[in-house]
Amino acid sequence: MFSGKTRELISRAERAEIAGNSIKAFKPSIDDRYEEEKISSHVGRSLEAEVLEPEEDLAENFEDLKEDVVIIDEANFFPDELVEVCQNLAEGGKRVILAGTDQTFRGEPFPPLPKLCAIAEEVEKLNAVCVKCGGVATRNQRLVDGEPAEKDSPTILVGAEESYEARCRHCHELR
Ligand SMILES: [Zn+2]
């Protein structure tokens, strides 16, 4: 979050297209609200994307793809099955580029990102700036009503009352 990873994902997709590759982008539906069929960065660039229900027949959506390059945003909202899907796509000659948050709000590895990082040919870790001290922010501070979130609250929480900010490991807090 706030690290520019969606911007980097869009840049990589654009470079793949300039190089003459066809691309297809996907993003997860993360709540019941209408999801725009595009991946958008904070600076206003966007990419058309198909919205997938993460828990529903994930592999089927990637069958018979004609495009050369598969782009996936918010990989942390998909189940572990995404690892096998990406492995199969890459084995089948596709280039897979994905972005995601690698730590939960607790500062723990966020599945399936650790496994995806392990099997990837290349990993780029983008960090944000800690809003408290200006240090390197690797964590997502979840705040509920302005207070640090309780550590046993759900990993994926989609509601109106929580917010996030970028913090370093020293300024990150749990309740
Ligand atoms: Zn800090």
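Rules and cut-offs
Residues numbered from 1 in each chain as written. Predicted model: local features only at pLDDT ≥ 70, side-chain atom pairs only at ≥ 80, totals over all residues. Heavy atoms only, no water. UniProt positions renumbered as here; feature names shortened; annotations may be inferred. Buried < 20%, exposed > 50% of the residue type's maximum accessible area, 1.4 Å probe, protein only. Helix = DSSP H or I, 4+ residues; strand = E, 2+ residues; numbered from the N terminus. Arc of directions from axis to C-beta. Contact = heavy atoms within 4.5 Å. Core = buried A, V, L, I, M, F, W, Y, C linked by side-chain atoms within 4.5 Å. Pairing = 2+ DSSP bridges. Donors = N, O, S within 2.8 Å, 3.2 Å for Na, K, Ca; no water. Tetrahedral: all angles 85-135°; square planar, octahedral: opposite > 155°, others 65-115°.

If you check an unreviewed UniProt entry, the protein appears there as Thymidine kinase from Candidatus Nanohalococcus occultus. Under the heading Subcellular location (unreviewed entry), UniProt records this for the protein: "Cytoplasm". According to its UniProt record, the protein has this under Sequence similarities (unreviewed entry): "Belongs to the thymidine kinase family."

Buried residues of helix α2 (residues 81-91): L82, V83, V85, C86 and L89, and no others. Relative to the axis of α2, the buried residues are bounded by an arc of 165° and lie together on one face. Of the exposed residues in α2, the ones pointing more than 90 degrees away from its buried face are E84 and E91. Turning to α2, the residues buried within the fold contact β5 (69-72), β6 (95-98) and α3 (113-119). Positive phi shows up at G93, right after α2, with a value of about 95°.

The next point concerns the nonpolar core. Most often, soluble globular proteins have nonpolar side chains that are buried together. F26, L58, F62, V70, I72 and L82 are the most contacted members of the largest nonpolar core, which totals 16 residues. Elements represented by at least two residues in this core include exactly β5, α2 and α3. Among the elements that take part in this core, α2 stands out by supplying five residues, more than any other. With near-sequence residues (within four places) excluded, L82 lies in contact with L58, I72, A75, P112 and L116. In terms of nonpolar packing, the next biggest core, distinct from the first, is built from 13 residues, L9, I10, L47 and I71 among them.

Moving on, we get to the pairing of strand β9 (residues 139-144). Sheet faces and side chains relate simply in a regular strand, where the side chains alternate between the two faces. Burial of β9 is extensive: five of the six residues sit out of reach of the surface. Sheet topology note: the β9/strand β11 (residues 162-167) ladder contains six bridges and is antiparallel. Its bridge partner lying in β11, R139 is registered against R167. Connecting the antiparallel pair β9 and strand β10 (residues 147-148) is a turn made up of two residues, with D145 showing a positive phi of about 55°.

What follows concerns the sheet that holds β9. Reading across the sheet, the three strands line up as β10-β9-β11 and stay open at both edges, with antiparallel pairing between neighbours. Lying at the two open borders of the sheet, with one neighbouring strand each, are β10 and β11. Relative to β10, β9 runs antiparallel, the two sharing two bridges. Within β10, the position partnered with L143 by the bridge is P148.

What follows deals with the coordination of the zinc ion. Under perfect tetrahedral coordination by four donors, a metal shows angles of 109.5 degrees; under perfect octahedral coordination by six donors, it shows angles of 90 or 180 degrees. Protein-derived coordination of the zinc ion comes from C130 (SG), C133 (SG), C168 (SG) and C171 (SG), at a distance range of 2.3 to 2.4 Å. Metal-centred angles of 103 to 117° between the four donor atoms at the zinc ion mark the site as tetrahedral. Here the donor residues of the zinc ion are spaced in sequence according to C-x2-C-x34-C-x2-C. Here C133 is found in the loop between β7 (128-129) and β8 (136-137), whereas its partner C171 is found in the segment after β11, with 38 residues between them in sequence. Residue classification places C133 among the partly exposed residues on the basis of a relative accessible area of 49%.

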